[in-house]
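Fold and contact review
Residue strings, one per chain:
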Amino acid sequence: MELARVWAFTFAWDLGRYLVAAGALFAVVWVFARPRFEPRLVGKRWASAKDIRREIRYSLSTAVIFSLVGAGVRLGGRAGVFRFEESVLARGVAYEAFATAALVVLHDAYFYWTHRAMHHPRLFRLVHRAHHLSHDPSPWAAYAFGPIEAVIQAAYVPLVLLVLPADELALFLFLAFMIVRNVIGHAGAEMFSRGFVRGPLAFLSTTTTHHALHHRRADVNYGLYFPWWDRWMGTTHPAYEATFEEVTRAKT
Ligand SMILES: [Zn+2]
Ligand SMILES: [Zn+2]
């Protein structure tokens, strides 16, 4: 049956994306280059094996939810509900680049505001607590969401595709960017080079320290890819830059 075939395809991509990205970063930071990254641990401790097992369990359940929504997007695209095309580059390379960038920038806004809403005391326990069980996360926390949060995170794609036309390639590039940035945010040890937060490219990216501080103090640093919304809304951790400089001070 078509639904099962489309779901299996989508699940393989969603699970594969998570396993490859989280596994690769885990292998580098936690296994092969562990002594090099040890001084850069933002929380001064590595996540425990128990934390990692829980992060993987929640992430597997999220991959199932993401893939059900993703299968709905593909079938809904065929039915004309979503502006999603399975053929690629029908609108040309320039549109492909625009659509990919728009997916990223709009997702950054969607993530900031939904994430901030999830920290409302009435919603936190029910929706977002599972993610914050990781006080010092590992890359395996990338998809560590409770089921309601997983649905909220997954809903971005069908919602944006109601208005923004995109195809399989733009979605693939956006999701690749999403998972790479997501695992870097949960790396535990700072991945960015010394001086980055005071350098000319600082406005283009949050860092591992940025999101690690959110896991340690939940009323700041809600942003995902860019530091923009936290700056505009005054929710950047007051010691963000100082902490980044402290953890990157050691010679690695
Ligand atoms: Zn997180
Ligand atoms: Zn949070």
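Let us look at the structure shown here.

**Describing the side chain of His210**
Residue position: His210 is located in helix α8 (residues 208–216). Ignoring anything within four residues of it in the chain, the contact list for His210 reads Asn221, Gly223, Asp230 and Tyr240.

**Considering α8**
Taking burial as the measure, the 9 residues of α8 include 8 buried ones, the bulk of the element. Burial in α8 covers these residues: Thr208, Thr209, His210, His211, Ala212, Leu213, His214 and His215. You can read the cap of α8 off the contacts: a side-chain oxygen lies 3.4 Å from the backbone nitrogen of Thr209, and it is on Thr207.

**A word on the packing of aromatic side chains**
Scanning the entire structure with this criterion turns up 21 aromatic pairs. With a centroid separation of 5.8 Å and 75° between ring planes, the pair formed by Trp113 and Trp229 is classed as edge-to-face. On the criterion of sequence distance, the pair formed by Trp113 in helix α4 (residues 93–118) and Trp229 in helix α9 (residues 228–233) is long-range, its members being 116 residues apart. Positioned above the aromatic ring of Phe37, the side-chain terminus of Arg36 is 6.0 Å from the ring centre. One residue, Arg91, lies across the ring of Tyr95, its end atom 5.4 Å from the ring centre.

**A closer look at the nonpolar core**
Judged by nonpolar contacts, the single largest core of 54 residues is most densely connected at Leu103, Leu161 and Phe174. Among the elements that line this core, the one with the most residues is helix α7 (residues 168–185), at 8 residues. In this structure, Phe174 is in contact with Thr100, Leu103, Val104, His107, Tyr156, Val157 and Tyr225, ignoring residues within four places of it in sequence.

**So, the coordination of the zinc ion (ligand 1)**
Protein coordination at the zinc ion (ligand 1) comes from His131 (NE2), His186 (NE2), His211 (NE2) and His215 (NE2), with a distance range of 1.9 to 2.1 Å. Linear spacing of the donor residues for the zinc ion (ligand 1) on their chain is H-x54-H-x24-H-x3-H. Note that His131 is positioned in helix α5 (residues 121–132) and His215 in helix α8, a separation of 84 residues in sequence. Each member of the pair, His131 together with His215, is buried.

Reading guide: rules and limits
Residues numbered from 1 in each chain as written. Chains lettered and ligands numbered in written order. Predicted model: local features only at pLDDT ≥ 70, side-chain atom pairs only at ≥ 80, totals over all residues. Heavy atoms only, no water. Helix = DSSP H or I, 4+ residues; strand = E, 2+ residues; numbered from the N terminus. Contact = heavy atoms within 4.5 Å. Buried < 20%, exposed > 50% of the residue type's maximum accessible area, 1.4 Å probe, protein only. Polar contact = N/O pair within 3.5 Å; in protein donor to acceptor, adjacent residues only side chain to side chain. Phe/Tyr/Trp six-rings, centres within 6.5 Å; stacked < 30°, edge-to-face > 60°. Lys NZ or Arg CZ within 6 Å of the ring centre and 35° of its normal. Core = buried A, V, L, I, M, F, W, Y, C linked by side-chain atoms within 4.5 Å. Donors = N, O, S within 2.8 Å, 3.2 Å for Na, K, Ca; no water.

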